[in-house]
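Read off the chains here:
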Amino acid sequence: ELACLNPGITITLTDERTDPERREVLFYEDGVKQFVRELGSEKDKIHPEPIGVAGRREVVIDGRDKYILVDCVLQWNKGLNEQTLCFANAIPNPDGGTHYSGLKAALTRAVKAYIAGNPKSFKEKLPAIESEDCREGLICVLSVKLPNPRFNSQTKVKLVNNEVEGNVSSVVY
């Protein structure tokens, strides 16, 4: 995960207990995109290449200009289950948090805007779209890097920084 979340960085693991030493070198030039490719390698994909979006948003924290970096890669398959992995500063957040809320809002808004912009006959054939419908069959890795992340507990399972949600939503949309 760390090698994928930090593209271009080489991580070398060496087991010095064995003779000769066993060594594993991890390097992912495509980073998160390669991570999503591997997660979906056995799936029946709807589009061949993952969609990657990344952006940087300026925020003011403690009276100083700081940045939130967003890296999001998405790929849909013909399955029914969603598999979204969320990270804040390379820390896994299995319960999501404000970055995941921003992702869900952006995807739902984008799909609804697409439907609204198409001919009426298209809209009439579809029932009302819900947030869950937009994520059916989705494989996604969402990584944010931000100063002073706050979590709901010491286990860091959920990011709670309020300023993250809107910034992730604007980048992904």
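Note that the coordinates shown come from a computational prediction; the quantities given were computed from them, not determined experimentally.

1. Some thoughts on the confidence of the model for the chain
For step 1, the next point in the chain: Mean pLDDT over the chain works out to 92, with 98% of the residues at or above the 70 mark.
For step 2, the next point in the chain: Ranking the elements of the chain by mean pLDDT puts helix α4 (residues 120–125) last, at 68, and strand β5 (residues 83–88) first, at 98.

2. As for the nonpolar core
For step 1, the next point in the chain: Ranked by internal contacts, the top residues of the largest apolar core, which has 27 residues, are Leu74, Leu103, Leu107, Leu142 and Val144.
For step 2, the next point in the chain: If you list the elements that add at least two residues to this core, you get β3 (51–61), β4 (64–76), β5, α3 (98–116), β7 (138–145) and α6 (162–172).
For step 3, the next point in the chain: If sequence neighbours within four positions are ignored, Leu74 has contacts with His47, Pro50, Ile51, Leu103, Leu107, Leu138, Ile139 and Cys140.
For step 4, the next point in the chain: Core analysis: the second largest hydrophobic core is formed by 12 residues, Ala3, Val32, Val36 and Ala90 among them.

3. A closer look at the pairing of strand β1 (residues 10–15)
For step 1, the next point in the chain: Pairing geometry for β1 and strand β2 (residues 22–27), over six bridges, is antiparallel. By the bridge assignment, Thr14 is partnered in β2 with Arg23.
For step 2, the next point in the chain: Taking the residues that link successive antiparallel strands as the turn, the β1-β2 hairpin has six residues.

4. Comments concerning the packing of aromatic side chains
For step 1, the next point in the chain: Going through the model one piece at a time under the given rule, you end up with one aromatic pair.
For step 2, the next point in the chain: Relative to Phe87, the ring of Phe35 has its centre 6.4 Å away and its plane inclined at 45 degrees; by these criteria the two rings are tilted. One end of the pair, Phe35, is in helix α2 (residues 32–39); the other, Phe87, is in strand β5, and 52 residues separate them in sequence.
For step 3, the next point in the chain: Sitting over the face of the ring of Tyr67, Arg56 holds its NZ or CZ atom 4.0 Å from the ring centroid.
For step 4, the next point in the chain: Above the ring of Tyr173, the side-chain terminus of Arg109 is found at 3.8 Å from the ring centroid.

The rules we used
Residues numbered from 1 in each chain as written. Predicted model: local features only at pLDDT ≥ 70, side-chain atom pairs only at ≥ 80, totals over all residues. Heavy atoms only, no water. pLDDT = per-residue confidence, 0-100. Helix = DSSP H or I, 4+ residues; strand = E, 2+ residues; numbered from the N terminus. Core = buried A, V, L, I, M, F, W, Y, C linked by side-chain atoms within 4.5 Å. Buried < 20%, exposed > 50% of the residue type's maximum accessible area, 1.4 Å probe, protein only. Contact = heavy atoms within 4.5 Å. Pairing = 2+ DSSP bridges. Phe/Tyr/Trp six-rings, centres within 6.5 Å; stacked < 30°, edge-to-face > 60°. Lys NZ or Arg CZ within 6 Å of the ring centre and 35° of its normal.

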